[in-house]
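# Fold and geometry: a report
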Amino acid sequence: MHPCLSCGACCAHYRVSFHWSEADPALGGMTPAALTETMDPHRLAMRGTWARQPRCVALDAEIGVRSRCTIHPQRPSVCREVAASWEAGQASPQCDKARIAHGLAALTPADWRVM
């Protein structure tokens, strides 16, 4: 099983902000606008991620046990760019920081050999 499917830490640790056009279907945007909030004239944020204790509204998870993004095919570009540590052969400080903040161990190359 992919380690992200039992994690969800990044979706409950970071603000997810992106250009407003990603939620505008007329411009090819796919992210559901109803799940966003305006940050400034140029950026939106996924609802829940701009909070003091961020948690994306699209996250269906028990952190560290099970995790899924309810809009995975429509998620913003910034979500698509987050790499899980060692998935591509190198550590991801962003992944490690979120996992550690939620009491999970950072991923290692061994976490990918089991798959």
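Read on for a plain summary of the structure. Within any chain, residue numbers begin from 1 and follow the written order of that chain's sequence. For this predicted model, a pLDDT threshold of at least 70 governs which residues receive local features, and a threshold of 80 or more governs which side-chain atom pairs are given and counted, while totals over whole chains, interfaces and linings are taken from all residues. In computing side-chain values, all of the structure's heavy atoms are included and hydrogens and water are not.

### Comments concerning helix α2 (residues 93-101)
- Of the positions making up α2, those classed as buried are Cys95, Asp96, Ala98 and Arg99. Burial along α2 is one-sided: seen end-on, the buried residues are contained in an arc of 170°. Facing away from the buried surface of α2 by more than 90 degrees, the exposed residues are Pro93, Lys97 and Ile100. Relative accessibility thresholds used throughout: buried, under 20% of the residue-type maximum; exposed, over 50%; partly exposed, between the two (1.4 Å probe, protein chains only). Where helices and strands are cited, they refer to DSSP runs of H or I of at least four residues and of E of at least two residues respectively, numbered from the N terminus. The directions considered for the arc are those from the helix axis to the C-beta atoms.

### Considerations on the pattern of salt bridges
- Each salt bridge in this description consists of a side-chain nitrogen of Lys or Arg and a carboxyl oxygen of Asp or Glu lying within 4 Å of one another. Tallied over the entire structure, the rule returns three salt bridges.
- A salt bridge links Asp60 to Arg66; the shortest N-O distance between them is 3.1 Å.
- Judged by relative accessible area, Asp60 falls into the partly exposed class, the value being 27%.
- Exposure remark for Arg66: the relative accessible area of 41% places this residue in the partly exposed category.
- A single network of salt bridges, built from pairs that share partners, joins Asp60, Arg66 and Arg68.

### Overview of the sheet that holds strand β1 (residues 17-19)
- Paired strands, in this sense, are two strands between which DSSP finds at least two bridges. Taken together, the three strands give an open sheet; going across it, the order is β1-β3-β2, and neighbouring strands pair in antiparallel fashion. Both outer strands of the open sheet, β1 and β2 (36-38), are each paired with one neighbouring strand and no more. If you compare each strand with its neighbour and ignore which way they point, the axes differ by 40° on average.
- In the sheet, β2 pairs with strand β3 (residues 43-46) via three bridges, with the strands oriented antiparallel. Bridging from a neighbouring strand, Thr38 pairs with Leu44 of β3. Here the axes come from fitting lines to C-alpha atoms, over the contacting stretch only for helices, and the angles between their N-to-C directions go from 0 to 180 degrees.

In short, shape yes, function no, at least from these values alone.
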